[in-house]
Each structure stands twice: as structure tokens, then as C-alpha cells.
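This is what each chain is made of:
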Amino acid sequence: MNKKEAADREQEKQADPGSGSPEKKQERIRFGLRLKFTLAIISLVSIILLTITAFFVWRESNLLSAQVFEAMQREMVHLSNTAQESIGIDELALIASVNELKKISYLKYAFVLNAKGQIIQYFDHRGERVIGSPIDDNVNRLLNTGTGENKVSTVSYKDPLERGGKIYDFTRPVLNKFDKKNIGFVIIGLSDIIIREEVARVVKIIALISLSFLFLSIIGTIILAGIIIKPIQKLSSGAAEIGRGNLDYRIEINSSDELGMLAREFNVMTAQIKDAKNKEIESRIMEEQLEMAKDIQEGLNPMGYYNKGGVQLKGYTKAAKGVGGDYFDYIDIDEFRVGALISDVSGKGVPASLVMVMIRTVFTSYITRTDIDCASVVKAINDSLSADFAIDKFATLFFLIYDRRTGELSFSNAGHGPLYCYRANLAAFTSAKLDGVPIGLMEDVDYTQAKVKLNPGDIVIMFTDGVTEMRNAQREEYGLHRVQKMILDNHHLNADEFVELLVNDIDAFRGDVPPHDDTTMLLMKRES
């Protein structure tokens, strides 16, 4: 075997560190984002369709009832006028009017009574009645024998001949034309079957339309879920495959959104790492490639100085070796609110940096919404990473939102340290603790948020443990007390000047001892 073949075989072993050992079985996702998204959309569509159906049934029932009652009012007036002209004079006209009403299928009965409440003419589908006698049907109707009152009174009761049916009983006095004295009554009984049949017809039509829309929404949701979730699944499987050492793997996402950009960043980073591994024999070249990857990763953090609307923000990050898992960011949510985040992924190196990039992508995608709060942002990051997290990593995270309108600082914590704040009016250093589960450990975690008031001159600082645990040659740690003293002594500086001062002080404290952990800090100062 010549030297070239030996070198090639050595590089193959380095590129595939898992060869010769059993492949770790990937955990199966039981309740992934696709199913959650599909169920959420179907549930929403179902609620909307049920609400629309109930509204239309209610509206149709009310409209139909109003129309039927209005028709009954006209019939009552017509029958009352006929009775006014005919009682004691021409009963043939009364017979004709009653027979016309008898032809209407949804009318149960019609009576013309004299002033004593005795039947003059009638029809009654409930049973036979005796002319000249009271109705005697146990209906509690009001027969007003006064003068000048011809208003229609209505009572309703259960239909004894039809299960679930109801009868509306309309009664109207008949007044003498001249002295307005009561000379009789007209009564019509209306069955609600016409209303129930029409409502049933409307419900059937709406149900068919709703089922059609639901069916189409299910198909559309499944298709849409596949389109949206597929890139995330590719990213997850790609990250797992790259984490297992398959540096020839490429994530194929050809979209122009953040997921496509993340896939390209993965591919670029993987290509650089593979190139570095292929040249591992030449250590100097490998270190140069890792340094390039480190520069790319650090370029994902906003290194500029933010000074806008009375708020100053400045961050700093440096990996202990090559690429790291620390991350910070600050983004304007709208013209009044600015959000800031710091995160520390467990471990170091490439796997931690990949998780860091995934956190960044989810964060920058979700922060563009206008209806967010701290707890919802942290929950969204956790749900996105936990659902399809193929890499065995977790991260601590701290996210805050400052509102210029109220001067309030809202924050949520996912296993990170306390919120440290310098109070200008007290010239003192305070801390606020808020517990939370680290990102990536479990799904469906509800995070809480708290609020504090920031006054002009107040300073908020967040950092990873690489700051306070930085060691010198005597193995002393830099410690929280030095950070506090730096702020107390230099609180008059702006955020950019102070971060530079703190970084220089940490480097001076460390001396020639290489850092053992990534160093990241983020400082906010309210100027006005």
C-alpha cells in the first residue's frame, strides 16, 4: 500500500468517525410539527364552520318566524274585518273566510267567537267543537271584553298531536265599527312545523356546504403542512446526518426564505469542516479553515452598535476554540419595541454551532410578528427545536423586550442566569430571577414572563458563564463581583464603550491562559 492510498484511507476514517460501530437509532417523532399544524388548521376551520352554521340557522329561524308572524297578523286583520262586517248579519262570509284559512296546511285551527266567547264558525284539526259553545281546549288565551282594544295577543304551547311541535295561538278582539264595543273574537292557531321544516332544509344545505369546505380544507392543510414542514424536516435530518460525521451530505432546500438561507449556511459550514478534516494532517491549514467557519458564525451576531430612540445595545461574542454555541441578537420589533436575546448551547464546536444557527433562524423568523411577547417567543423556539431535534443538545436562553412607550422591560428565561440591572437612582446593582426549562429538553413547555421598569441611566447586562468563569494563571475566576464593580465604576459610559472596556479587562485578567469556554455578553442601557 503506497502513501497516497494510506492517506486516502485515513481521511475516509476521519470523515466517517462512526464507521465500524453500530449506528445510533434515531428517535421517532410521535407528534411532529406536521400533525400539529394539520390538527390546528382543521380545528380552526371546524370552529369557523360550526359558528357560521349556527349563525345562519339562528338568523334563518328568526327571519322565517318574523315572516310567518307577519303573515298571521295580516290573516288576523282580514278575518277580524270579515267578522266585523258579518257577525249577526251574514255568516256565509265568515264560513268562506274560515274555509280559506282551512286550506293553509300549517294552520291548526281558526275560530270566530261572539262577545261571550261562544263559537260562531270554526275549523279545528285537533278535534270537533260545538257551535254556540265555548272552545274549551285548555289554552290559556286572553279574551278581553273591554272597549277599544283590538290588539293581537299571542300564547304558545306544546302541540299535543306532534312530538316536539309547538302551536302559536293568536287572538284578536272584534270591535263594533261605531261604538267600538267588543262584539266577538277571532282566533288562529299556527303550527311551527313550517319553521322547523325550513330550518331543517337550511341546516342540510349548510351542512353539505360545510362538509365540502372541511374536506377541501383537510386536503389543502395536508398539502400546505407538507410544504411548510418538509424544509424543517430536511434541516433536522441534515443536522443529524452532519452531526454523525457525514460531511458529504448536503441539505437540498431551494427556497429564498430563512430556511433556505439556513440550509445554505449548513452546506457552506459542512463543506468548510470537511475541507478542514481532509487537511487534518496539515494542522495549520485545518486551523485556518476552522477560523473561517468561526468568522462566518460570528458574522451571524449583530456586531454593530445600536443607539436608537434612547436605547443603547452592544454585544460581544468569542468562541473558545473554532466555532461555538453562544449566540446573541437584537432586532427592532416595531418603532416602539426592541427585542434582545442571548443563548448558550451545551457543549462546544460544530454541533453546538449548528444548534446555535437553528435557534437564530427560528428567532429571526418569529420575531417579525407584531403580536408577540417574551413567553411566546421562547415557547416557539423551544417547540420548533424540540419537535424535530435530532441532535442531543440543549441550550439556555434569555429573551427580553423593551417598550419605549412605557419604559417597561419584559423578559422570559429558559434556564439562563438572572437578569442583572444597575439602578442609576439607587447607584446599586440588582438582580431578578425567573425560572424556566432550557431549550430543547422537552416539548410543550409554557414559559412565564416578568416586567421591570427601566429609568434613564439604568443598565441591563446579560452574559454566558464564559465571562464570570474566565480563569487566570492562578486559576482564579473573574467572577460576578468584578462585573458589578466595572458597571458601578463606569456606568457613565455608553454601551459601546463599556462593552469594549469590559472585554479588555477580562482579557487582561486572563493573560496568556487560553479561554476554556465561549465568551458572550450583551448590554442594554436606557439613555433617555
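See above for the structure.
For clarity, every value in this text was computed on a predicted model and none was experimentally measured. (Residues numbered from 1 in each chain as written. Predicted model: local features only at pLDDT ≥ 70, side-chain atom pairs only at ≥ 80, totals over all residues. Heavy atoms only, no water.)

K.L.:
Tell me about the overall build of the protein, and please be specific about residues and values.
P.N.:
The number of helices and strands found in the protein is 11 helices and 16 strands. Burial status across the protein gives 45% buried among its 528 residues. For the protein, contacts bridging at least 24 residues in sequence account for 65% of all contacts bridging at least 6. Looking at the protein as shown, the accessible area adds up to about 27,500 Å², and 55% of this sits on carbon and sulfur atoms. (Helix = DSSP H or I, 4+ residues; strand = E, 2+ residues; numbered from the N terminus. Buried < 20%, exposed > 50% of the residue type's maximum accessible area, 1.4 Å probe, protein only. Contact = heavy atoms within 4.5 Å. Areas by Shrake-Rupley, 256 points an atom, 1.4 Å probe, with all protein chains shown as cover.)

K.L.:
For helix 8 (residues 374-387), give the residues involved together with the corresponding values.
P.N.:
For helix 8, which comprises 14 residues, the first-to-last C-alpha distance of 20 Å matches the rise-based estimate of 20 Å (1.5 Å per residue) to within 8%. Among the 14 residues in helix 8, 11 count as buried, and that is most of the element. Along helix 8, the residues classified as buried are Cys-374, Ala-375, Val-377, Val-378, Ala-380, Ile-381, Asn-382, Asp-383, Leu-385, Ser-386 and Ala-387. (Expected span 1.5 Å × (residues − 1).)

K.L.:
Talk me through the pairing of strand 2 (residues 119-124); I want residue IDs and the actual numbers.
P.N.:
Here strand 2 lies mainly inside the structure; 6 of its 6 residues are buried. Alignment of strand 1 (residues 107-114) against strand 2, held across 5 bridges, turns out to be antiparallel. Within strand 2, the position partnered with Phe-111 by the bridge is Tyr-122. What sits between strand 1 and strand 2 in their antiparallel hairpin is a turn of 4 residues, with Gly-117 showing a positive phi close to 85°. (Pairing = 2+ DSSP bridges.)

K.L.:
Run through the sheet that holds strand 10 (residues 395-403), naming residues and quoting values.
P.N.:
Ordered by their spatial adjacency, 5 strands build an open sheet running 8-9-10-11-14, and the pairing between neighbours is antiparallel. Strands at the two margins of the open sheet, each flanked by one partner only, are strand 8 (326-332) and strand 14 (450-453). The sheet shows a mean angle of 15° between the axes of neighbouring strands, taken without regard to direction. In this sheet, strand 14 lies alongside strand 11 (residues 408-414) in antiparallel orientation, the contact comprising 4 bridges. Paired with Phe-411 across the strands is Ala-450, a residue of strand 14. Sheet strands in contact with helix 7 (residues 349-366) are strand 8, strand 9 (337-345) and strand 10, and its direction is about 15° off that of strand 8. The sheet strands contacting helix 8 are strand 9, strand 10 and strand 11, and the helix crosses strand 10 at an angle near 150°. (Axes fitted to C-alpha atoms, helices over the stretch in contact; angles between N-to-C directions.)

In short, the description is geometric, and any link to function would need to be established separately.
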